[in-house]
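Residue strings, one per chain:
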Amino acid sequence: MMVNVQTEPRGLAGDSRQRPDIQVDLPGISVLGDVTVVHPTAPSYRKLVVKRGVEAMGDKSAAVKEKDYNGMAADIDMRFYPIVLYTYGGFHKSALSFIAQLVDSFDPLLSLLSRAEFRQSLLRHIAISVQRGNADIMIQDMQKGRLGENDHSRRAKLRLQWSPVQQRQQQQQQQCHH
């Protein structure tokens, strides 16, 4: 699919610093999307999820994004899609609507993929990206835990003490000795 894609496009709302996460110029329409990844068991969502289900949490998050971006998108003749994803790998209906818009614009005559294969590929790539983000967060949290959450001076000293090259050399030396 040959389309123009921009991440975090600037200057869409005049002087505003507001910018969505993605702009995709499809044949006949340009769409904007802003991604949010929500955690269903977060304390701030727990009561809502227990009472009304995970979809209600996604609806709430999508409504916030729509309030922030719908006006801007309408002013520049674009369509806005909130893209709500769940940390556990699920896709809110807003994310599925964004994907459906991309798939509807896909011309299988110009590709080796069918529309169904293109859709599955998008879903897989997005799910993998969310899981990589989750893994990065967990790794960072573990690293903070090793250094002690409130030990800012120790972390600062470690950053100043070792350049990335020195850190790699130290890791290589440790691996050789084991």
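Residues numbered from 1 in each chain as written. Predicted model: local features only at pLDDT ≥ 70, side-chain atom pairs only at ≥ 80, totals over all residues. Heavy atoms only, no water.

(A) Inspection of the pairing of strand S3 (residues 29-38) at higher detail. The buried fraction of S3 amounts to seven of the 10 residues, a majority that puts the element mostly inside the structure. Of the pairings in the sheet, the one linking strand S2 (residues 22-26) to S3 comprises five bridges and is antiparallel in character. Bridging from a neighbouring strand, Val24 pairs with Val31 of S3. Hairpin connection, S2 to S3: the antiparallel pair is bridged by two residues, and Gly28 has positive phi, about 90°. Pairing geometry for S3 and strand S4 (residues 79-86), over eight bridges, is parallel. Following the sheet pairing, Val37 is matched in S4 by Leu85. (Buried < 20%, exposed > 50% of the residue type's maximum accessible area, 1.4 Å probe, protein only. Helix = DSSP H or I, 4+ residues; strand = E, 2+ residues; numbered from the N terminus. Pairing = 2+ DSSP bridges.)

(B) Inspection of the packing of aromatic side chains at higher detail. Under the defined criterion, the tally for this structure stands at three aromatic pairs. Relative to Phe98, the ring of Tyr81 lies with its centre 5.8 Å away and its plane at 70°, an arrangement referred to as edge-to-face. With a gap of 17 residues between them, Tyr81 in strand S4 and Phe98 in helix H3 (residues 93-104) connect regions that are remote in the sequence. The class for Tyr81 is buried, based on a relative accessible area of 5%. With a centroid separation of 4.3 Å and an interplanar angle of 10°, the aromatic rings of Phe106 and Phe118 are classed as stacked. (Phe/Tyr/Trp six-rings, centres within 6.5 Å; stacked < 30°, edge-to-face > 60°.)

(C) Region of interest: the pattern of salt bridges. Following the criterion strictly, the structure yields three salt bridges and no others. Of the charged contacts, one joins Glu8 and Arg19 as a salt bridge, the two residues approaching to 3.3 Å between their closest N and O atoms. Linking Glu8 in the loop between strand S1 (4-7) and S2 with Arg19 in the loop between S1 and S2, this pair joins segments that are 11 residues apart in sequence. For Arg19, a relative accessible area of 27% corresponds to the partly exposed category. One salt bridge connects Lys65 with Asp34, and the closest N-O pair in it is separated by 2.3 Å. Of this pair, Lys65 sits in helix H2 (residues 54-75) while Asp34 is found in strand S3, placing the two residues 31 residues apart along the sequence. Of the two residues, Lys65 and Asp34, both sit in the buried class. (Salt bridge = Lys/Arg side-chain N within 4 Å of Asp/Glu carboxyl O.)

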